[in-house]
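# Residue-level structural notes
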Amino acid sequence: MATEKKVQATLKSAIGFYIGDVCYAMSDEDYDGEWHKDDYSDFEGAHELRGHKFAIGGTAYGDGEYEDQFGHRYGVDSGTIGILPYELCEKKNPYELDKLGRFVRATTATFTAEDGEFDIELSTKQSYHISTNDCEDDEDEEDYYEKEYEGDYDEESDEDDEDYD
């Protein structure tokens, strides 16, 4: 979940950047590496791995699917969205990376994440904004299930559970 910590970083790459949940683009070895604590308490922020800087920020509502201003979707399984130089991507096919998040060609990128809002500005003058604060669909879905199944569960009518120790 998003913290109140603001993450801001300027990154460089010879080819481009992957934008999205970095768990999809990094190798397992890199993702589970020593760049963060074992409890992931310092996961959000700017980091460096093998001489390349990358950055990660927390989404407002954890895992899910979020869109940028162009309607491109970003799947999230680690509760975060980040930016990773191509040099740190395990998969080297830009088309494959674009399916996992978004692959962009640029030599410099500025990444800002705060309160579930993500802004990426590229040296090519392109920019991306991803908001993870729009939970309207989640609330509608929650309201639907509350109304649809209201009263279906009655604690008093449950049979006694047996203890299977």
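Scroll up to find the structure.
Please read all numbers here as calculations on a predicted model, not as lab measurements. (Residues numbered from 1 in each chain as written. Predicted model: local features only at pLDDT ≥ 70, side-chain atom pairs only at ≥ 80, totals over all residues. Heavy atoms only, no water.)

For the rest of this paragraph, the subject is the pattern of salt bridges. Scanning the model with the defined rule gives five salt bridges in all. A salt bridge links Arg 102 to Asp 68; the shortest N-O distance between them is 4.0 Å. Pair noted here: Arg 102 is in strand E8 (residues 102-104) and Asp 68 is in the loop between strand E5 (64-67) and strand E6 (73-76), with a separation of 34 residues, a long-range link. (Salt bridge = Lys/Arg side-chain N within 4 Å of Asp/Glu carboxyl O. Helix = DSSP H or I, 4+ residues; strand = E, 2+ residues; numbered from the N terminus.)

We now examine the sheet that holds strand E11 (residues 127-131). Each strand in a sheet pairs with its neighbour through backbone hydrogen bonds, running either in the same direction (parallel) or in the opposite one (antiparallel). Taken in spatial order, the four strands of this open sheet run E1-E9-E10-E11, and their pairing is antiparallel. Strand pairing shows two members of the sheet lacking a second neighbour, strand E1 (7-12) and E11, which therefore form its edges. Between one strand and the next, the sheet's axes are offset by a mean angle of 10°, whatever the strand orientation. Relative to strand E9 (residues 108-114), E1 is paired through six bridges, and the arrangement is antiparallel. Looking across to E9, one finds that Thr 10 is bridged to Thr 110. (Pairing = 2+ DSSP bridges. Axes fitted to C-alpha atoms, helices over the stretch in contact; angles between N-to-C directions.)

Here the structure, examined in full by the defined rule, presents four aromatic pairs. Note on Tyr 86 and Phe 103: the rings are 5.8 Å apart at their centroids and 65° apart in plane angle, and the pair reads as edge-to-face. Of this pair, Tyr 86 sits in the loop between strand E7 (80-85) and helix H3 (94-100) while Phe 103 sits in strand E8, placing them 17 residues apart in sequence. In this structure Phe 103 comes out as buried when scored by relative accessible area, which is 11%. Here Phe 111 and Phe 118 contribute two aromatic rings whose centre-to-centre distance is 6.1 Å and whose plane-to-plane angle is 50°, an arrangement assigned as tilted. According to the relative accessible area criterion, Phe 111 is buried, its value standing at 0%. In this structure, Lys 92 packs its charged tip against the face of Tyr 86, placed 4.8 Å from the ring centre. (Phe/Tyr/Trp six-rings, centres within 6.5 Å; stacked < 30°, edge-to-face > 60°. Buried < 20%, exposed > 50% of the residue type's maximum accessible area, 1.4 Å probe, protein only. Lys NZ or Arg CZ within 6 Å of the ring centre and 35° of its normal.)

This brings us to the pairing of strand E2 (residues 17-20). The side-chain alternation of E2 yields two buried faces, one formed by Phe 17 and Ile 19 and the other by Tyr 18 and Gly 20. Looking at chain direction, E2 and E7 are connected through four bridges and run antiparallel. Bridge pairing links Gly 20 to Gly 82 in E7. When E2 meets E8, the two strands line up antiparallel, connected through three bridges. Counterpart to Phe 17 in the pairing with E8 is Val 104.

The next point concerns the sheet that holds E7. Reading across from one edge, E3-E4-E7-E2-E8 is the order of the five strands in this open sheet, with antiparallel pairing throughout. For this open sheet the edge positions go to strand E3 (45-49) and E8, each flanked by a neighbour on one side alone. Across the sheet, the mean angle separating the axes of adjacent strands is 20° when strand polarity is ignored. As judged from the five bridges shared by E3 and strand E4 (residues 52-58), these two strands associate in the antiparallel manner. Its bridge partner lying in E4, Glu 48 is registered against Lys 53.

Attention now goes to the environment of Glu 90. Structurally, Glu 90 is set in the loop between E7 and H3. The partly exposed category is assigned to Glu 90, whose relative accessible area is 48%. Along the chain, Glu 90 and Ala 25 lie 65 residues apart, while their C-alpha atoms are 5.8 Å from each other. When sequence neighbours within four positions are dropped, the list of residues in contact with Glu 90 reads Ala 25, Met 26 and Ser 27. (Contact = heavy atoms within 4.5 Å.)

So yeah, pure geometry; function would need other evidence.
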